[in-house]
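Summary of structural features
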Amino acid sequence: MNEQKKDGLSGIVDLIWLNRENASFHEEEGFLSMDLDGTHYDRVLLSRCFPFDEPETHISVTDCDLKELGMIRDLQELSEESGEACRLELARKYFTREILSIEKIKERYGFTHWEVMTASGKKSFSVQDTYRAITKITPDHLLVYDVDGNVYEIASVDALPHKSYRQLELYL
């Protein structure tokens, strides 16, 4: 009986570890593509399993139908060119703007409208269901998701200017 369960699971969970011997990644027409053991995939998607703790390890690779093709244990196990192509794709996918200060948060018609200063300048954005749009990574580290799917990061709530913290504390 145990042997049957073991065989049954191996058919369900068939993990392929991707490395420089079996896979190569490159950008093709603006998308990340992959060659895996002689099979070409025009477009593959990367997802970090541990995006904050281990950003360069345990990266799932799927096709456009979200069928998992394999897992990258560590980007350093890929060729230099493949590793760089994956890093660029991950940087695009996980791009966040860092909030340095909050000028104003105003509620209106079920939305909050934010005016913030980021590392790349002044930004304005809107958030729906503010309490759910703020994710605590740690008690001091937050992500804010706007209505357009953009992600803003507050690396340290404690490091915000006092006025900014007062604007934000209602939603924490």
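First, a word on scope: everything that follows refers to the structure included in this document. (Residues numbered from 1 in each chain as written. Predicted model: local features only at pLDDT ≥ 70, side-chain atom pairs only at ≥ 80, totals over all residues. Heavy atoms only, no water.)

Our focus in this paragraph is the overall build of the protein. If you tally the helices and strands in the protein, you get four helices and 13 strands. For the protein, the C-alpha radius of gyration of 21 Å lies well beyond 16 Å, the compact-globule estimate for 172 residues. Taking the principal axes of the C-alpha coordinates as reference, the protein spans close to 60 × 45 × 30 Å. Within the protein, buried positions represent 34% of all 172 residues. Pairs at least 24 residues apart make up 35% of the contacts formed inside the protein by residues separated by at least 6 positions. Looking at the protein as shown, the accessible area adds up to about 11000 Å², and 49% of this sits on carbon and sulfur atoms. (Helix = DSSP H or I, 4+ residues; strand = E, 2+ residues; numbered from the N terminus. Rg over C-alpha atoms; globule rule 2.2 N^0.38 Å. Buried < 20%, exposed > 50% of the residue type's maximum accessible area, 1.4 Å probe, protein only. Contact = heavy atoms within 4.5 Å. Areas by Shrake-Rupley, 256 points an atom, 1.4 Å probe, with all protein chains shown as cover.)

Here the focus is a positive patch on the surface. A cluster of basic side chains, namely Lys104, Lys106, Arg108 and Lys122, defines a positive patch on the protein surface. Among the elements that make up the positive patch, the one with the highest residue count is strand β8 (residues 97-108) (three residues). Counting through the fold element by element, Arg108 comes out in strand β8. Overall, Arg108 belongs to the partly exposed group, its relative accessible area being 46%. (Patch = residues over 30% accessible without salt bridge, like charges linked within 9 Å, V, L, I, M, F, W, Y side chains within 5 Å. Salt bridge = Lys/Arg side-chain N within 4 Å of Asp/Glu carboxyl O. Lys, Arg positive; Asp, Glu negative; His and termini not counted. Charge placed at Lys NZ, Arg CZ, Asp CG, Glu CD.)

Taken in spatial order, the four strands make up an open sheet running β1-β7-β6-β5, and their pairing is mixed. If you trace the sheet from one side to the other, it starts and ends with β1 (17-18) and β5 (45-48), each paired once. Relative to strand β6 (residues 57-62), β5 is paired through four bridges, and the arrangement is antiparallel. Note on β6: the bridge partner recorded for Ser47 is Ser60. On top of the sheet, helix α2 (residues 80-93) reaches β5, β6 and β7 (68-74); it is set at about 70° to β5, its chief contact. (Pairing = 2+ DSSP bridges. Axes fitted to C-alpha atoms, helices over the stretch in contact; angles between N-to-C directions.)

What follows deals with the pattern of salt bridges. Counted according to the given criterion, the structure contains six salt bridges. When the shortest N-O distance is used, the salt bridge between Glu56 and Arg87 registers 2.9 Å. Of the two residues, Glu56 sits in the loop between β5 and β6 while Arg87 sits in helix α2, which places them 31 residues apart along the sequence. The structure contains a network of salt bridges with shared partners spanning Glu27, Glu89 and Arg92.

Turning our attention to the environment of Phe25. Mapped onto the elements of the fold, Phe25 is located in strand β2 (residues 23-28). Classification of Phe25 by relative accessible area gives buried; the value is 1%. Sequence spacing of Phe25 and Ala85 is 60 residues, and the spatial spacing of their C-alpha atoms is 6.4 Å.

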